[in-house]
Amino acid sequence: MSESPLPIPGAENPEKLTGLKKGNIKKVAAGIPAVVSALEMTVSEAGFQRGMKALFNLNQKGGFDCPSCAWPDPDDERSGIAEYCENGARAVAEEATAKKLTADFFSQHSVRELGNLSDYEIGGKGRIAQPMHLPAGGTHYQPITWDAAFEIIGKELNLLDSPDQAVFYTSGRTSNEAAFLYQLFVREYGTNNLPDCSNMCHESSGTALGESLGIGKGSVTLNDFYQAEAIMILGQNPGTNHPRMLTALQKARAHGATIISINPLPETGLMGFSNPQTVAGVLGYKPALTDIFLQVKINGDMALLKAIMRILLEEEEKNPGTVFDRHFIEQHTTGAAGYLQDLKRYNAQQLAVQAGVPYVQVQEAARVLAGKRRIIACWAMGLTQHKNAVATIKEIVNLLLLKGSIGKPGAGTCPVRGHSNVQGDRTMGIFERPTEKLLDSIERNFRFAPPRKHGYDVVECIKAMHAGNAKVFFAMGGNFLSATPDTRFTAEALRKCRLTVHVSTKLNRSHLVHGEEALILPCLGRSDKDMRNGENRFVSCENSMGVVQLSRGVLEPVSDQLLSEPEIVCRLAKTTLGTRSMVHWDRYIEDYDLIRSDIERTIPGFTDYNERVRQPGGFYLPNCNRAGSFDTPTGKAHFHIAEPQVPDLKNDELMMMTIRSHDQFNTTIYGLNDRYRGIYNERRVILMNAKDMQRRNLKNGDLVDLHNRYDGVDRVARQFVVVEYPIPEQCTATYFPETNVLVPLTSVAEKSNTPTSKMVILTVTRHEASA
Ligand SMILES: Nc1nc2c(c(=O)[nH]1)N[C@H]1C(S)=C(S)[C@@H](COP(=O)(O)OP(=O)(O)OC[C@H]3O[C@@H](n4cnc5c(=O)[nH]c(N)nc54)[C@H](O)[C@@H]3O)O[C@H]1N2
Ligand SMILES: Nc1nc2c(c(=O)[nH]1)N[C@H]1C(S)=C(S)[C@@H](COP(=O)(O)OP(=O)(O)OC[C@H]3O[C@@H](n4cnc5c(=O)[nH]c(N)nc54)[C@H](O)[C@@H]3O)O[C@H]1N2
Ligand SMILES: [Mo]
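Notes on the structure in this doc start here. (Residues numbered from 1 in each chain as written. Chains lettered and ligands numbered in written order. Predicted model: local features only at pLDDT ≥ 70, side-chain atom pairs only at ≥ 80, totals over all residues. Heavy atoms only, no water.)

## What to know about the overall build of the protein
Our working definition: Counting from the N terminus, the helices are the DSSP runs of H or I reaching at least four residues and the strands are the DSSP runs of E reaching at least two. Here the globule rule reads 2.2 Å times residues to the power 0.38, and the radius of gyration is calculated from C-alpha atoms. Each residue is placed in one exposure class: buried if its accessible area under a 1.4 Å probe, protein chains only, is under 20% of its type's maximum, exposed if it is over 50%, and partly exposed if it falls in between. By definition, residues are in contact when any of their heavy atoms lie within 4.5 Å. Per-residue accessibility takes into account occlusion by the displayed protein chains alone, with areas from the Shrake-Rupley method and a 1.4 Å probe. The positive count covers Lys and Arg only, the negative count covers Asp and Glu only, and His and the chain ends enter neither. A single reference atom marks each charge: NZ on Lys, CZ on Arg, CG on Asp, CD on Glu.
Scanning the protein for helices and strands turns up 30 helices and 32 strands. Relative to the 2.2 N^0.38 estimate, which gives 28 Å for 771 residues, the radius of gyration of the protein is 25 Å and therefore close to what a compact globule would have. Expressed as lengths along the three principal axes of its C-alpha atoms, the size of the protein is roughly 75 × 65 × 55 Å. Buried residues in the protein amount to 65% of all 771 residues. Within the protein, counting contacts between residues at least 6 apart in sequence, those at least 24 apart form 79% of the total. Carbon and sulfur atoms provide 51% of the accessible area of the protein, an area that totals close to 26800 Å². On the protein, the mean spot of the 85 positive side-chain charges and the mean spot of the 87 negative ones are 3 Å from each other.

See below:
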């Protein structure tokens, strides 16, 4: 990869400081202040009536699905106050805003001018109200009709030498209906280039679970939490990213579960939680959540898990049959003997050192797990975005298998998904490596031959665009430029495209770092009404635990020029494919039930879709693990052997994880505070251990530049404020997307190809003002 010629800062990554204010790290998450702060934002963005209407329908049966995370709703009673959390309410406020961007706004501000704004400022501009077009060589977006927009895209797609020169990205908010139609169109057009946000998210989980257990999804339901004896939470910050999970954890703990948290940071929500949905004390829930906190070094997880299992093995050998579930291992698994043989090579104390966790704490965790049979393991990005992510997740599975903790109540795997329908989009076939089964089913039902050759994932498509091998980039939601690694390289890649198109609700940086020609197609969001022939139509989504539910918006759209995502796909397909198409796109626009009937015919698990999705609370998709079976080639669950990887850091190097602050949803920045971590009014911060600061002669508030030189490329992110933080030595944390300029595109997880956003090797220098 050559050195990038782009100026820094540029439209890809402005670098203004906003003025850090330091507070204390909070001991307990949520509580009343969280609800107040959410309501304030909702009312100020949407107005009182609009805001309240949205909040009262959020996650209620028959209402709309929260556009924030994928944590499930309770199957039975939903809270009277409303099943939402602070950050869900903020995601709704962001979407329900009454502010809108019309052609006037774009004629007043050039693309270059907008590129100088921060992500926080861009996000605050409002909903895009009409389709906009940036002609080749243009400086300002101009209004365009929907028909003309589809004509441009159709023409460009048909001009390509091969359909494989087009790329169709999906973010995880797209409904099942839109996602199904989208992949159908893309495959009829002729390519499997369907990268999605999962490639950067839980791809490692899907890969690991698929190979070990025969299904790429988690096995537990919400009710399992209340029957669990122990719950492990690895690499996840639920207080900020899945706040409703805290309610489930608190209830689980009240029912007797021991909670073990494994994280380089003592995240506030994990340590303690005071529930705003229950008046304090009424249910007798205590604010403490974590019973055992294991503060691992970044990527120390596999060593830690092995250390725990090494101790368990010793116990089991002393008292056979008391620690491991021998019956389960014999009946349902393969590879146990080899795995245990390998485990004996290790010394638990050395593994603990490698993990960075005091040995006594490892022993304590092992002691707890030794006596339990119903264990749930939860994890998120702290595990999936590492070089050996797939192997680490398989190590979790090894532990659960030894304990027989899969396929029984109160036990199992729980990869906690990010985007609200990211799991559903995969179920619908958004995948660059589709199974033959799916393609056969499409061929049978729609009478065209879908391409069999696998397509590009996120990393591959960036390389292809950069090399000139992909020329049209189409995004169904998301903010590709800011979400992906190596921002400057990715910016060059997008700028080399003939055409970039974004179906979006709100303005974002990907609209401003564009191809020769660019389009923004504004769509309805989750909270918006989708009216047709006097009826307010619904779509459906699948949450993190495989429940499919309907979602029906309640708000008047900010403009009558927004189209629903399913309609956008249908009209694009008609324009592009014309009479070549075998699919009745027009009928889908008229009646979403027809889309669901065709999903039912094509994708397993959706029997009586239209009927069951209308039942309050929706329905569960089948899950072999939950039913106690393993859909692997052997019909058994597989143990996997891997070696813990020790990052090879030189003396002056640090390891950086890029994480979310409390005030953001991925690349959407709601505010400048990270309340729980005591960081206010600044996002350009680097959290460092006191000793690492001393060694570099740095003090709180000093300004530094961050460098990464992986693969010989000099990547730099300038002006970060040093903040002393209780993080293990040699580990640091910064917020994404600001530090995505430092994440190398070429450093990816083995097998899943996920960028290693939590393992960025860093050197830190005192800040020098740019020339
Ligand atoms: N409000 C809000 N909600 C969201 C999102 C959002 O941005 N805002 N994003 C959504 C999406 S798409 C996703 S994927 C999820 C993300 O949810 P999370 O995975 O919770 O998000 P991150 O901030 O990336 O946090 C990763 C956590 O892993 C820890 N960690 C980092 N490296 C390691 C490691 O090597 N080992 C261990 N054990 N821990 C490690 C970090 O300290 C941090 O606590 O949240 C979803 N929900
Ligand atoms: N360094 C680093 N990078 C990361 C991560 C990390 O932890 N560290 N996390 C990764 C993860 S887990 C993920 S999931 C990706 C996220 O990557 P993306 O999903 O691409 O990014 P988002 O920021 O969620 O996308 C926000 C945009 O989606 C659009 N949008 C919102 N709602 C809708 C809708 O209903 N329909 C449509 N069509 N558009 C809508 C809005 O225009 C908004 O600007 O980022 C990844 N990047
Ligand atoms: Mo994600």
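## Some remarks on the pairing of strand β7 (residues 166-170)
So the rule is basically this: For two strands to pair, DSSP has to find at least two bridges joining them.
Among the five residues that make up β7, five are buried, leaving the element largely enclosed by the rest of the structure. Burial along β7 is two-sided: Ala166, Phe168 and Thr170 and Val167 and Tyr169, pointing in opposite directions, are all buried. Here five bridges tie β7 to strand β15 (residues 472-476), and the two strands are oriented parallel to one another. When the bridges of β15 are listed, threonine 170 appears paired with methionine 476.

## Examining the site of ligand 1
Here is the rule we go by: Any residue with a non-hydrogen atom lying within 4 Å of a molecule or strand is treated as near it. Polar contact is the term for a pair of N or O atoms within 3.5 Å; when the atoms are in protein, one must be able to donate a hydrogen and the other to accept it, and sequence-neighboring residues count only if both atoms are side-chain atoms. Basically, the charged four are Asp, Glu, Lys and Arg, the nonpolar ten are Ala, Val, Leu, Ile, Met, Phe, Trp, Tyr, Cys and Pro, and anything else, Gly included, counts as polar.
Glu267, Asn299, Asp301, Gln664 and Asn666 are the nearest of the 31 residues found near ligand 1. At 3.1 Å, a backbone N or O of isoleucine 262 approaches a nitrogen atom of ligand 1. A distance of 3.4 Å separates an oxygen atom of ligand 1 from a polar atom in the backbone of glycine 382. In the complex, the protein chains occlude 99% of the 920 Å² of accessible area that ligand 1 would expose alone. Elements with a minimum of two residues in the shell around ligand 1: α11 (238-241), α19 (381-384), β24 (654-659) and β25 (664-665). Among the residues forming the shell around ligand 1, the class breakdown is 12 nonpolar, 15 polar and four charged.

## Thoughts on unusual backbone geometry
In this chain, phenylalanine 736 is followed by proline 737 through a cis amide linkage whose omega measures 10°. A positive phi angle, close to 65°, is found at asparagine 681, a residue other than glycine. Along the polypeptide, asparagine 681 turns up in the loop between β27 (679-680) and β28 (685-688). Here lysine 751, not a glycine, exhibits a phi torsion of approximately 75°, which is positive. Mapped onto the elements, lysine 751 comes out in the loop between β31 (731-735) and β32 (760-766).

## As for the pattern of salt bridges
Using the following cut-off: Salt bridges are defined by distance alone: a side-chain nitrogen of Lys or Arg within 4 Å of a carboxyl oxygen of Asp or Glu.
What the rule picks out here adds up to 55 salt bridges. Between glutamate 556 and lysine 529 there is a salt bridge, and its shortest N-O distance comes to 3.1 Å. Of the two residues, glutamate 556 sits in the loop between β21 (547-551) and α26 (565-577) while lysine 529 sits in the loop between β17 (517-522) and β18 (531-532), which places them 27 residues apart along the sequence. Here the salt bridges share partners, and the residues they tie into one network are Asp147, Arg532, Glu567, Arg571 and Glu590.

## Comments concerning the site of ligand 2
If you check the shell around ligand 2, you find 29 residues, and the closest are Ser171, Ala483, Glu565, Thr667 and Asn740. Take arginine 173: an N or O atom from its side chain is 3.1 Å from a nitrogen atom of ligand 2. Here lysine 506 contributes a backbone N or O atom positioned 2.8 Å from an oxygen atom of ligand 2. Starting from 920 Å² of accessible surface for ligand 2 in isolation, the protein chains cover 96%. Partitioned by chemical class, the residues of the shell around ligand 2 number 10 nonpolar, 14 polar and five charged.

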